[in-house]
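Residue strings, one per chain:
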2 protein chains.
Amino acid sequence: MRLQAEVLVLRGDIAESRHRVHCAVVDGAGRVLAASERADQVTSFRSSAKPFQLLPFVERGHADRLRCSEAELAIMTASHSGSRAHLALVRGLLERIGHTERDLACGYHDPMDAESLEDVRRDPASKTALYNNCSGKHAGMLAMAKAEGWPSAGYERATHPLQQLLRATVADCCGVAADSILLGVDGCSVPVFGLPLAAMARGYARLAGAMAQGGGDERAQALRRIGRAMVAEPVVVEGEGRLATDLMLAARGRIVAKSGAEGLLLVAEPGPGSGTHPGRGIAIKCEDGAMRALGPVAVELLLTLGVLTAGEAETLAIHRRPPLHDAAGHPVGWLEGRVRETVSTSDSAREPR
Amino acid sequence: MRLQAEVLVLRGDIAESRHRVHCAVVDGAGRVLAASERADQVTSFRSSAKPFQLLPFVERGHADRLRCSEAELAIMTASHSGSRAHLALVRGLLERIGHTERDLACGYHDPMDAESLEDVRRDPASKTALYNNCSGKHAGMLAMAKAEGWPSAGYERATHPLQQLLRATVADCCGVAADSILLGVDGCSVPVFGLPLAAMARGYARLAGAMAQGGGDERAQALRRIGRAMVAEPVVVEGEGRLATDLMLAARGRIVAKSGAEGLLLVAEPGPGSGTHPGRGIAIKCEDGAMRALGPVAVELLLTLGVLTAGEAETLAIHRRPPLHDAAGHPVGWLEGRVRETVSTSDSAREPR
């Protein structure tokens, strides 16, 4: 199946801008069920890689030994809003492993949470790396380094054994060779992974497959535990009003959703699937990196694919059709996602290149 | 000549996002000299229409009667940063016509200027429509309504005689029928005009042509005066460090540049031109509306077209190749504009449709 997806920016009678969107849908066996043009193009996995960056920590039993709660697993996969509740989870983890926020390499940025933003404006000295949306992931990385007996200093560098393990883990889950993964530096200073969009969808299909079934190997069990923690704690994974959180809430436990910077969204649906290989992984990338286009296209695509019902999509109106306002507050337009399914000439399922 | 333009977002080894860019170059006779695909597509003129929105006020002699300075003409075409100097110009205009900031329909938004942003944070009660980047244009609209004896109330509405005159003026300058111009509401609550990108370039070619020659009819003389005011006061037109301002400063008086929201930039170059129809107009639109892609592609295109020299382009490095940083402040990538000229099959100049 061939997919065509775009988002129009509509202002009165004028379609003033257009976002092109690439996407891929992969089944539990790693086969591409549907894809847009350029679904094989390499882009960066950004924060959507977080479930796999947490995987070795769970798989090797460290999360059990540290008695991590589901909320703590969720915060380690999170791009959180920096709310007080988010910060408390990260602080709790750091205390248990004998680290402080000064050991986080992620740097500070303003929190999205309004209450926390007022906190740091009132007290600028309180601006620490704890507020970084990736601070939970970084706490998890410090916990992993400690558990493995690796130095904590430099844990964020591509040459550190932790980062090399994470690159290999992402490669395995997404079905690509580790040395084919391109490297860059993420917004939080750790390595970011460059791989085809369809391969990212394959990684989430594997996550979905693990969640759909019992048993399996240690990797499958760890993926299942991570996925279930994310489903159990959607507000921890991003935050109130955020896209991935609201998608998970709307789907009431049926999907894992995780966004990434530069217009990326990944979804794992353990749901229907097919026979021995249940589950679907869905990858969405706005070609131009626009975050504003992600909601409109994600809701349309998930509706088209039957992941969301029409009723559920209606509850997501603010993401599906976000209004534009002028500076005086009048509504003057909106964003609109458009998704078309067409039967391509080679309609049979095929391996992603 | 066929143009291909795009901007890549490069992070380490990964090209993580891509902006497609449409553009058109038109000569003083209104002929398309070079264009990308989709240069005929309709989009909104946004703030790049401002020189034409000021035109009737100058053409009808009102600017003379009000003894407007070049800086005052420039602020009426501006998308200003809200600096104290910008605000003083708008305040001065309003006082002379017996209006106050309460009569501006444009609404408040935070100023881009750092000093002014601190001012309003310190004193939230001082947040008025004066800070809106379009407040100079609105002051000009109020001045026009007063000079013509039209009601000032509702001056921002599409049905007001002022807005109907402005639509007809834009249509004439850009060589399209007034009733073919699509309407929406701009970010500052006045009508915004939807027309083909190549027609916008034609409007700026007309501005360039008027600036290149002496004499001409009242429209040409008024356009010349507006263009020269913008060239004389580049920091008034946008602000310190802003793209259009820096382009005008780099070109040392040879061009008018004016950006618009949603990734738009228009340039008028009175310069070389050809024989009886001197001047060129250049329109650039990031398909997806991204402002971040505008600098990289604008500098490359103006270099390719010979509008800027290599030395001038080098002084624009921060716009041409803006760096990406992680939250800890390390450089992790950059944006890169790419422009290619290819000889199309129909290489002869043609009228824009």
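Not measured: the values here are computed from a predicted model.

**Q** Explain the overall build of chain A here, please?
**A** Summing up its helical and strand segments, chain A has 14 helices and eleven strands in all. The C-alpha radius of gyration of chain A comes to 20 Å, within 12% of the 20 Å expected for a compact globule of 353 residues. With the C-alpha coordinates of chain A rotated into their principal frame, the extents come out at 55 × 55 × 35 Å. Relative to its full complement of 353 residues, chain A shows a buried share of 61%. For chain A, restricting intrachain contacts to residue pairs at least 6 apart in sequence, the fraction spanning at least 24 positions comes to 65%. For chain A, the exposed surface amounts to about 13,200 Å²; the carbon and sulfur share of it is 51%. Mean positive and mean negative side-chain charge positions of chain A (41 and 42 charges, respectively) differ by 3 Å.

**Q** Looking at this model, I keep getting lost on the nonpolar core. Mind explaining?
**A** Residues A:Phe45, A:Phe57, A:Leu195, A:Leu247, A:Leu265, A:Ile282 and A:Ile284 are the most contacted members of the largest nonpolar core, which totals 118 residues. For this core, the element with the most residues is helix α8 (residues 197-212) of chain A, which contributes eleven residues. Ignoring anything within four residues of it in the chain, the contact list for A:Phe45 reads A:Phe52, A:Val170, A:Cys174, A:Val192, A:Phe193, A:Leu195, A:Met200, A:Tyr204, A:Leu264 and A:Leu266. Membership of the second largest hydrophobic core comes to 116 residues, among which are B:Met144, B:Tyr204, B:Ala210 and B:Leu243.

**Q** I tried to follow the pairing of strand β1 (residues 2-11) of chain B on my own but got confused; where do I start?
**A** Residue and element names in this part refer to chain B. With eight of its ten residues buried, β1 lies for the most part within the structure. Two elements, β1 and strand β11 (residues 331-342), share ten bridges in a ladder whose sense is antiparallel. Across the sheet, Arg 2 pairs through a bridge with Thr 342, a residue of β11. Note that β1 and strand β2 (residues 14-27) share seven bridges and pair antiparallel. The partner of Glu 6 across the bridge, within β2, is Arg 20. Remark: two residues form the turn of the hairpin made by β1 and β2, two consecutive strands paired antiparallel; Gly 12 in that turn has positive phi of roughly 55 degrees.

**Q** Is there a simple way to explain the relation of the copies chain A and chain B in this structure?
**A** Relating the two copies of this chain is a rotation about some axis coupled with a shift parallel to it. Aligned on chain B, chain A shows an RMSD of 0.0 Å; the corresponding rotation is 180 degrees and the shift along the axis is 0.0 Å. Such values leave the two copies arranged in the relation of a two-fold axis. No C-alpha of chain A approaches the rotation axis more nearly than that of A:Asp288, which lies at 3.6 Å. Same-surface contact between copies: 100% of interface residues of chain A are shared with the interface of chain B.

**Q** Before we go on, may I ask you to explain the interface of chain A and chain B in this structure?
**A** Reports often express the size of an interface as the amount of accessible area lost when the parts come together. Between chain A and chain B, the residue contacts involve 45 residues of the former and 45 residues of the latter. When the two sides are added together, the surface that chain A and chain B hide from each other amounts to roughly 3,100 Å², 42% of it contributed by carbon and sulfur. Counting across the interface, chain A meets chain B through eight salt bridges. Close ionic contact of B:Arg20 with A:Glu287 constitutes a salt bridge, the shortest N to O distance being 2.8 Å. Along the contact surface separating chain A from chain B lie 28 residue pairs in polar contact (both at pLDDT 80 or more). Contributing elements (two or more residues each) for the side of chain A that touches chain B: β1 (2-11), β2 (14-27), β4 (42-44), β5 (182-185) and β6 (191-196) of chain A. With seven residues, β2(A) is the single largest residue contributor to the side of chain A that touches chain B.

**Q** Teacher, can you tell me more about the confidence of the model for chain A here?
**A** Any residue range with low pLDDT should be treated as having predicted coordinates unsuitable for detailed reading. Residues and elements named next belong to chain A. Of all residues in chain A, 96% have pLDDT values of 70 or greater, and the mean over the chain is 95. Across residues 347-353, confidence stays below pLDDT 50; counting only partners more than four residues off in sequence or on other chains, it has 15 contacts. We note a pTM of 0.95 for the whole complex and an ipTM of 0.95 for its interfaces.

**Q** Would you mind showing me how to read the sheet that holds β6(A) here?
**A** The pairing of strands in a sheet happens through backbone hydrogen bonds and is either parallel or antiparallel. Residues and elements named next belong to chain A. The three strands are arranged β4-β6-β5 in an open sheet whose pairing can be described as antiparallel. Unpaired on one side and paired on the other, β4 and β5 mark the two borders of the sheet. In this sheet, neighbouring strand axes are inclined to one another by 30 degrees on average, regardless of whether the strands run parallel or antiparallel. Relative to β6, β5 is paired through four bridges, and the arrangement is antiparallel. Paired with Leu 183 across the two strands is Phe 193, which belongs to β6. Here helix α7 (residues 161-174) sits on the sheet and contacts β5 and β6; the angle it forms with β6, its principal contact strand, is near 20 degrees. Those strands touched by α8 are β4 and β6, and its axis lies near 105 degrees from that of β6.

**Q** Would you mind showing me how to read unusual backbone geometry here?
**A** Negative phi characterises most residues that are not glycine, and trans characterises most peptide bonds. Here the phi dihedral of A:Glu262 falls at roughly 65 degrees; this positive angle occurs in a residue that is not glycine. Following the sequence through the fold, A:Glu262 ends up in the loop between β7 (256-260) and β8 (264-269). The exposure class of A:Glu262 is buried, given its relative accessible area of 11%. Positive phi outside glycine occurs at B:Arg38, with the angle close to 65 degrees.

**Q** Quick question: what am I supposed to make of the packing of helix α1 (residues 50-59) of chain A against α7(A) here?
**A** A pair of packed helices is characterised by two quantities: the angle between their axes and the separation of those axes. Residue and element names in this part refer to chain A. Relative orientation of the contacting elements α1 and α7 amounts to 110 degrees, with a least axis distance of 9 Å. Taken together, α1 and α7 sit at an angle that is classed as roughly perpendicular. Crossing angle aside, the handedness with which α1 passes α7 is right-handed. Residues Phe 52, Gln 53, Leu 55 and Pro 56 of α1 lie in contact with α7, whose contacting residues are Leu 165, Leu 166, Thr 169, Val 170 and Cys 173. Among the residues forming the contact of α1 with α7, the class breakdown is seven nonpolar, two polar and no charged.

Conventions and cut-offs
Residues numbered from 1 in each chain as written. Chains lettered and ligands numbered in written order. Predicted model: local features only at pLDDT ≥ 70, side-chain atom pairs only at ≥ 80, totals over all residues. Heavy atoms only, no water. Helix = DSSP H or I, 4+ residues; strand = E, 2+ residues; numbered from the N terminus. Rg over C-alpha atoms; globule rule 2.2 N^0.38 Å. Buried < 20%, exposed > 50% of the residue type's maximum accessible area, 1.4 Å probe, protein only. Contact = heavy atoms within 4.5 Å. Areas by Shrake-Rupley, 256 points an atom, 1.4 Å probe, with all protein chains shown as cover. Lys, Arg positive; Asp, Glu negative; His and termini not counted. Charge placed at Lys NZ, Arg CZ, Asp CG, Glu CD. Core = buried A, V, L, I, M, F, W, Y, C linked by side-chain atoms within 4.5 Å. Pairing = 2+ DSSP bridges. Least-squares fit on C-alpha atoms with pLDDT ≥ 70 in both. Buried area = accessible area lost by both parts, 1.4 Å probe. Salt bridge = Lys/Arg side-chain N within 4 Å of Asp/Glu carboxyl O. Polar contact = N/O pair within 3.5 Å; in protein donor to acceptor, adjacent residues only side chain to side chain. pLDDT = per-residue confidence, 0-100. Axes fitted to C-alpha atoms, helices over the stretch in contact; angles between N-to-C directions. Parallel < 35°, antiparallel > 145°, perpendicular 65-115°, else oblique. Left-handed = near helix turned anticlockwise from the far one by under 90°. Nonpolar A, V, L, I, M, F, W, Y, C, P; charged D, E, K, R; others polar.

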